[in-house]
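Inside the fold
Chain by chain, the residues:
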Amino acid sequence: VRNLLSISDISTEEIAHLIERAQYLQTTHLYPNYSQHSLTTLFYENSTRTRVSFEWAAKKMHMSVIHINPASSSESKGESIEDTLLNLEAMGLNLFVMRHQQNGLMQHLVSVLNDSYIINAGDGTHQHPSQALLDIMTIKNQYPSDNKLKVAIVGNLKHSRVANSFQQVFSKLNLGELRLIAPKIWWPEQVYFGDLTDDMKQGLQDVDIVMALRIQKERLDDNDTISWDEYKSLYMLNENTMKWAKPEVKIMHPGPVNHDVELASSYVHHPQSLILSQVNNGVFMRMAILEWCLGYH
Ligand code: CP
């Protein structure tokens, strides 16, 4: 049985296996039965896609699913997160999907637990491994054997756990060239893989795929703010900026989308948009992740 806390924890072979297994589940609909296992979800930050797709993935494999809402749990009476998990573990629950605003917290929590495992569903600005795996599955579904892709990510790279995990998977699978586009104020402290630029035209030149990131207003402090009008005029994916990419460029976004901030509304459900494919792929990737964490496949 395994944790999934960071893309750093998994090998290239394991990533390739997870993608193949998720594609198999997606195309065959032959699902295993893990009715002896449970999944518990704890989300200290809001979520639609990640929480629901993990829960749906578990239900497709006949697992029991329990959702804990931290706001209505005994943490509201002062119980610590460590005690919360130890009490759930004492009930026999031993696989947790957790999202939390604190970077690296889950690394600490796994050391407190006795015989339980955690899947990181997003920790602060650090990692969102299942999102990166479904994003790369989406790319591999489109371009099964192309490892000379040109891909760009645009947005607030400084605060993006999605971008961090994506860079690591992209690099481990050696998929091609990655451009990281952001205004300098949102450049990350650490680049795992890719070339940073604040020049949208240069960054989008000839790209096959462009992924816009959500502008996370909840993570911005006074030092991080830029004029929304300036951001939108320089970095929004719209008819003006998209002309620098290939005409057939595919559009991705991890969601939720701020329409007409990072992505023009006309592109969200555009024929070249893969955004809802990402969401669909996420269910099957999360089935593969659950199996892998349970020690099957
Ligand atoms: N992409 C993503 O993490 O979406 P949710 O916040 O809705 O889970």
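Because the structure is predicted, anything quoted here is derived from the model rather than measured.

Procedures and definitions
- Residues numbered from 1 in each chain as written.
- Predicted model: local features only at pLDDT ≥ 70, side-chain atom pairs only at ≥ 80, totals over all residues.
- Heavy atoms only, no water.
- Buried < 20%, exposed > 50% of the residue type's maximum accessible area, 1.4 Å probe, protein only.
- Helix = DSSP H or I, 4+ residues; strand = E, 2+ residues; numbered from the N terminus.
- Arc of directions from axis to C-beta.
- Core = buried A, V, L, I, M, F, W, Y, C linked by side-chain atoms within 4.5 Å.
- Contact = heavy atoms within 4.5 Å.
- Near = heavy atom within 4 Å.
- Polar contact = N/O pair within 3.5 Å; in protein donor to acceptor, adjacent residues only side chain to side chain.
- Areas by Shrake-Rupley, 256 points an atom, 1.4 Å probe, with all protein chains shown as cover.
- Nonpolar A, V, L, I, M, F, W, Y, C, P; charged D, E, K, R; others polar.
- Expected span 1.5 Å × (residues − 1).
- Bend = angle between axes of the 7 residues up to and from the residue.
- Axes fitted to C-alpha atoms, helices over the stretch in contact; angles between N-to-C directions.
- Parallel < 35°, antiparallel > 145°, perpendicular 65-115°, else oblique.
- Left-handed = near helix turned anticlockwise from the far one by under 90°.
- Pairing = 2+ DSSP bridges.

This next bit is on helix α3 (residues 81-90). Burial in α3 covers these residues: Ile81, Thr84, Leu85, Leu88 and Glu89. Relative to the axis of α3, the buried residues are bounded by an arc of 135° and lie together on one face. Just beyond α3, the residue with positive phi is glycine 92, at close to 100°.

With that settled, consider the nonpolar core. Ranked by internal contacts, the top residues of the largest apolar core, which has 82 residues, are Leu133, Val210 and Leu290. The element best represented in this core is helix α11 (residues 275-294), accounting for eleven residues. Ile68, Phe96, Leu109 and Ile118 belong to the second largest nonpolar core, which has 16 residues in total.

Turning our eyes to something else, we now look at the side chain of glutamine 167. If you trace the backbone, glutamine 167 turns up in helix α6 (residues 161-172). Once residues lying within four places of it in the same chain are set aside, the contact partners of glutamine 167 are Leu178, Leu180, Val191, Tyr192 and Phe193.

Turning next to the site of the ligand. Around the ligand sit Asn46, Ser47, Thr48, Arg49, Thr50, Arg99, His128, Gln131, Pro254 and Gly255, and that is every residue in its neighbourhood. In the model, a nitrogen atom of the ligand is placed 3.1 Å from a nitrogen or oxygen of the glycine 255 main chain. Contact with the protein chains removes 92% of the 260 Å² of surface that the ligand exposes when unbound. Grouping the amino acids of the shell around the ligand by side-chain chemistry returns one nonpolar, seven polar and two charged.

This part covers α11. Three- or four-residue spacings in an α-helix give side chains the same orientation, since the helix completes a turn every 3.6 residues. Compared with the 28 Å implied by 1.5 Å per residue over 20 residues, the 29 Å span of α11 between its first and last C-alpha is a close match. When the local axis directions of α11 are compared, the greatest deviation, roughly 25°, occurs at glycine 282.

Turning next to the packing of α3 against helix α4 (residues 105-112). Contact pair α3 / α4: the axes reach a minimum separation of 10 Å and the direction vectors enclose 45°. When the axes of α3 and α4 are compared, the pair comes out oblique. The two elements α3 and α4 cross, and the hand of that crossing is right-handed. In this structure, α3 contributes Ile81, Glu82, Leu85 and Leu86 to the contact, and α4 contributes Leu105, His108, Leu109 and Val112. Class assignment for the residues of the contact of α3 with α4 results in six nonpolar, one polar and one charged.

The next thing to look at is the environment of tyrosine 143. Structurally, tyrosine 143 can be placed in the loop between α5 (129-142) and β5 (149-154). Look at tyrosine 143 and you get buried, because its relative accessible area is 18%. Along the sequence, tyrosine 143 and arginine 161 sit 18 residues apart, while their C-alpha atoms lie 24 Å from each other.

Glancing now at the sheet that holds strand β3 (residues 95-100). In sheet architecture, strand pairing relies on hydrogen bonds along the backbone and comes in two forms, parallel and antiparallel. Read across the open sheet, the four strands follow the order β2-β1-β3-β4; overall the sheet is parallel. Each having just a single partner strand, β2 (64-68) and β4 (117-123) make up the two edges of the open sheet. Going across the sheet, the axis of each strand differs from the next one's by a mean of 15°, ignoring polarity. When strand β1 (residues 38-43) meets β3, the two strands line up parallel, connected through four bridges. Counterpart to leucine 42 in the pairing with β3 is methionine 98. Against the sheet, α3 makes contact with β1, β2, β3 and β4, and its axis sits at roughly 160° relative to β3, the strand it touches most.

Along strand β8 (residues 209-212), one buried face is formed by Ile209 and Met211 and the opposite face, lined by Val210 and Ala212, is buried too. Alignment of β5 against β8, held across four bridges, turns out to be parallel. Each bridged residue has a counterpart across the sheet, and for alanine 152 the counterpart in β8 is valine 210. Sheet analysis places β8 next to strand β9 (residues 250-252), joined by three bridges and oriented parallel. Bridge pairing links valine 210 to isoleucine 251 in β9.

What is shown is where atoms sit, not what they do.
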